[in-house]
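Chain by chain, the residues run as shown.
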Amino acid sequence: MSPALEAIMQAEQQRYASKGVLLEPFVHQVGGHSCVLRFGEQTICKPLIPREHQFYKSLPPEMRKFTPQYKGVVSVSFEEDEEGNLCLIAYPLHREQGDLENVDPTADLELKHKMLKWGNKKPPALLTESDHYTPDRTRQLRKEDKIKSHNREDVHKPEVLYCSLEKGKVVPQIKHNPWSLQCHQQQLQRMKENAKHRNQYKFILLENLTWRYRMPCVLDLKMGTRQHGDDASEEKKANQIRKCQQSTSASIGVRLCGMQVYQSDSRQLIFMNKYHGRKLTLAGFKEALFQFFHDGRRLRCELLSPVLRRLREMKAALEACESYRFYSSSLLIIYDGEPPRPRRPCHRGGEEGEEDEPSDEEGEEGDGAFGYHSSGAVGASGRNPGGEGSPTADVRMIDFAHTTCRHYGEDSVVHEGQDSGYIFGLQNLIAIISELEDHSAD
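Cut-offs applied
- Residues numbered from 1 in each chain as written.
- Predicted model: local features only at pLDDT ≥ 70, side-chain atom pairs only at ≥ 80, totals over all residues.
- Heavy atoms only, no water.
- Helix = DSSP H or I, 4+ residues; strand = E, 2+ residues; numbered from the N terminus.
- Expected span 1.5 Å × (residues − 1).
- Buried < 20%, exposed > 50% of the residue type's maximum accessible area, 1.4 Å probe, protein only.
- Pairing = 2+ DSSP bridges.
- Axes fitted to C-alpha atoms, helices over the stretch in contact; angles between N-to-C directions.
- Parallel < 35°, antiparallel > 145°, perpendicular 65-115°, else oblique.
- Left-handed = near helix turned anticlockwise from the far one by under 90°.
- Contact = heavy atoms within 4.5 Å.
- Nonpolar A, V, L, I, M, F, W, Y, C, P; charged D, E, K, R; others polar.
- pLDDT = per-residue confidence, 0-100.
- Salt bridge = Lys/Arg side-chain N within 4 Å of Asp/Glu carboxyl O.
- Core = buried A, V, L, I, M, F, W, Y, C linked by side-chain atoms within 4.5 Å.
- Lys, Arg positive; Asp, Glu negative; His and termini not counted.
- Phe/Tyr/Trp six-rings, centres within 6.5 Å; stacked < 30°, edge-to-face > 60°.
- Lys NZ or Arg CZ within 6 Å of the ring centre and 35° of its normal.

## Some words on helix 10 (residues 301-319)
Phase 1 of the analysis: With 19 residues, helix 10 should cover 27 Å at 1.5 Å per step; its first-to-last C-alpha distance of 28 Å lies within 8% of that length.
Phase 2 of the analysis: Along helix 10, the positions that sit buried rather than exposed are Leu-303, Leu-304, Pro-306, Val-307, Leu-308, Arg-310, Leu-311, Met-314, Lys-315, Ala-317 and Leu-318.

## Description of the pairing of strand 10 (residues 216-223)
Phase 1 of the analysis: For strand 10, the buried fraction is high: eight of the eight residues fall into the buried class.
Phase 2 of the analysis: Of the two faces of strand 10, the one holding Pro-216, Val-218, Asp-220 and Lys-222 and the one holding Cys-217, Leu-219, Leu-221 and Met-223 are both buried throughout.
Phase 3 of the analysis: Where strand 10 and strand 14 (residues 330-336) come together, seven bridges link them in antiparallel fashion. The residue of strand 14 that forms the bridge with Pro-216 is Asp-336.
Phase 4 of the analysis: Pairing geometry for strand 10 and strand 11 (residues 254-263), over six bridges, is antiparallel. Residue pairing for strand 11: Lys-222 is matched across the bridge by Arg-255.

## Here we look at the packing of helix 9 (residues 282-292) against helix 12 (residues 420-441)
Phase 1 of the analysis: Direction vectors running N to C along helix 9 and helix 12 enclose 60°, while the axes themselves pass 10 Å from each other. Taken together, the axes of helix 9 and helix 12 lie oblique to each other. You can see that helix 9 and helix 12 cross each other, and the crossing is right-handed. Between helix 9, through Leu-282, Phe-285, Lys-286, Leu-289 and Phe-290, and helix 12, the contact on the second element is made entirely by Leu-429, Ile-432, Ile-433, Glu-435 and Leu-436.
Phase 2 of the analysis: When grouped by side-chain class, the residues that make up the contact of helix 9 with helix 12 number eight nonpolar, no polar and two charged.

## Details of the confidence of the model for the protein chain
Phase 1 of the analysis: Residues with a pLDDT of 70 or more make up 63% of the protein chain, whose mean pLDDT is 74.
Phase 2 of the analysis: This model gives residues 96-102 a pLDDT under 50, and the stretch forms 18 contacts once residues within four places in sequence are excluded.
Phase 3 of the analysis: Counted against residues more than four places away or in other chains, residues 167-175, with its pLDDT under 50, gives 16 contacts.

## Concerning the sheet that holds strand 5 (residues 70-80)
Phase 1 of the analysis: One open sheet holds the seven strands; their spatial order is 1-6-5-9-4-3-2, and the pairing between them is antiparallel. Each having just a single partner strand, strand 1 (21-22) and strand 2 (24-25) make up the two edges of the open sheet.
Phase 2 of the analysis: As paired strands, strand 2 and strand 3 (residues 37-40) are joined by two bridges and run antiparallel to one another. By the bridge assignment for strand 3, Glu-24 is matched with Arg-38.

## Comments concerning the pairing of strand 9 (residues 201-207)
Side chains on a regular strand alternate between the two faces of the sheet.
Phase 1 of the analysis: Burial within strand 9 is extensive, with seven of its seven residues counted as buried.
Phase 2 of the analysis: When strand 4 (residues 43-47) meets strand 9, the two strands line up antiparallel, connected through five bridges. Considered in strand 9, the bridge of Lys-46 is made with Ile-204.
Phase 3 of the analysis: Pairing of strand 5 with strand 9, which is carried by six bridges, proceeds in the antiparallel orientation. Opposite Tyr-70, over in strand 9, you have Leu-206 as the bridge partner.

## Side note on the pattern of salt bridges
Phase 1 of the analysis: A full pass over the atoms with the stated rule returns 15 salt bridges.
Phase 2 of the analysis: With its nearest N and O atoms 3.2 Å apart, the salt bridge here joins Lys-46 to Glu-52. Residue Lys-46 shares its accessibility class with Glu-52, and that shared class is buried.
Phase 3 of the analysis: Measuring nitrogen to oxygen at the nearest pair gives 2.8 Å for the salt bridge that ties Lys-315 to Glu-319. Residue Lys-315 and its partner Glu-319 are both found in helix 10; the two are separated by four residues, about one turn of the helix.
Phase 4 of the analysis: Overall, the relative accessible area of 32% leaves Glu-319 in the partly exposed class.
Phase 5 of the analysis: Overlapping salt bridges, with partners in common, bring together Glu-207, Arg-310, Asp-394 and Arg-396 in one network.

## Remarks on the nonpolar core
Phase 1 of the analysis: Among the nonpolar cores identified, the biggest contains 64 residues, and Phe-293 and Leu-331 are the most heavily contacted of them.
Phase 2 of the analysis: When neighbours within four sequence positions are excluded, Phe-293 is seen to be in contact with Arg-298, Leu-299, Arg-300, Leu-303, Leu-304, Val-307, Ile-333, Tyr-335, Ile-433 and Leu-436.
Phase 3 of the analysis: Of all hydrophobic cores here, the second largest spans 15 residues; its members include Cys-35, Phe-39, Leu-88 and Ala-90.

## Comments concerning unusual backbone geometry
Phase 1 of the analysis: Non-glycine residue Ser-323 carries a positive phi angle of around 75°.
Phase 2 of the analysis: Tracing the chain through its elements places Ser-323 in the loop between helix 10 and strand 13 (325-327).
Phase 3 of the analysis: Phi at Ser-328 is positive, roughly 65°, even though this residue is not glycine.
Phase 4 of the analysis: Tracing the sequence through the fold places Ser-328 in the loop between strand 13 and strand 14.

## A look at the side chain of Asp-295
Phase 1 of the analysis: Within the fold, Asp-295 resides in the loop between helix 9 and helix 10.
Phase 2 of the analysis: Despite its burial, Asp-295 remains without a salt bridge, the nearest opposite charge being carried by Arg-298 at 4.4 Å.
Phase 3 of the analysis: Not counting the four nearest positions on each side in its chain, Asp-295 is found in contact with Tyr-262, Gln-263, Ser-264, Asp-265 and Arg-300.

## Quick word on the packing of aromatic side chains
One pair of aromatic rings is described through two measures. These are the centre distance and the angle between the planes.
Phase 1 of the analysis: Considering all chains together, one arrives at 12 aromatic pairs under this definition.
Phase 2 of the analysis: Here the aromatic rings of Phe-55 and Phe-326 are separated by 6.2 Å at their centres, their planes lie at 85°, and the arrangement is edge-to-face. Of the two residues, Phe-55 sits in helix 2 (residues 50-57) while Phe-326 sits in strand 13, which places them 271 residues apart along the sequence. Both residues of the pair, Phe-55 and Phe-326, count as buried.
Phase 3 of the analysis: Arranged with centres 6.1 Å apart and planes meeting at 15°, the rings of Phe-293 and Tyr-335 form a pair that is stacked. Residue Phe-293 is located in the loop between helix 9 and helix 10, and its partner Tyr-335 is located in strand 14; the two are separated by 42 residues in the primary sequence.
Phase 4 of the analysis: The side chain of Arg-226 reaches across the aromatic face of Tyr-327, ending 4.0 Å from its centre.

In structure tokens:
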């Protein structure tokens, strides 16, 4: 990035420093324990973890196509609005020089636009680089969250949930993916409990991988035969080893961590959470993959080849990555459960072929509970914003809180060679999806 462009961006950030963005639940989060929030149409944000932040800042060029685009850092505060509702507000945060290398120069455009949306509140003082939770405090908070989560899950939350839709919208009883709502509530509660001591947090901005799709179907797979990081306590290590041994992680290097899939025949969304995924046998895992690519009427065979191609490209890239270990990282597979219908020819300003298009007057924030049929979700034309060249399915690596590499310099353990556990999981995933493709051809 040129010094002139950098100066312009910094000046624009100062100009909008008195504005804030109201963060909303990211309703397509199907797994993980960290809260993911919707910053804008193409951007989500999540709590900054120093190791994950370091990964995105030092990402090798050959890996960028397999991860979400990194868009920088914002300061998030816990506030009440005029009606007394608790909410999270994001404010601009000046970038460090190291942030600029892997950030798209256009990534700030949405930030500048969104900063106009929240009143004239003054932001809290910006965070210092050392302003993070200590590792012990972070572990304690996560442990408390896990206890609360297990208690709620056992009593209230089914592991597989069927949610009926009416005219493209969720019925009133269930307005969100339950997993995303649970993560959002936990984040609000955690910040509320610590509001007296700390009301400023760093969040990283990342590409929203679902923004192109009308009805995103999302599969979250925990990859690798090992999940604990090198810095894990003995208790944490033993717990993660047990989870791997009791699930498909140990046998095939991959397990289901969450799923959201649309059934076009019954107009239902099916959600599966990580507790269901841990119980799956190899046969059950294969059945879940079949269900993910099945729309209730047929197997979406046209998706299998693009997914396999991406997985093979990713495998080749990881085989070339020296000393990286992606412990507890996930793989997302995403496609559109309701792909755009072929459009009939229409006259200039005519009516034919346009009856299903959303109105431009709905605006970006006119999303339904899942963002269906919104001009912000699929573009004002009602088509995939990427046009003809857009992928029918996307495959990305996410969650790098426990990733390590010799380039980090401060890690006590330095690994050599490839991440064989992750690659083993990719090999088996490729084999299972290839079986689906072969059977569909019979």
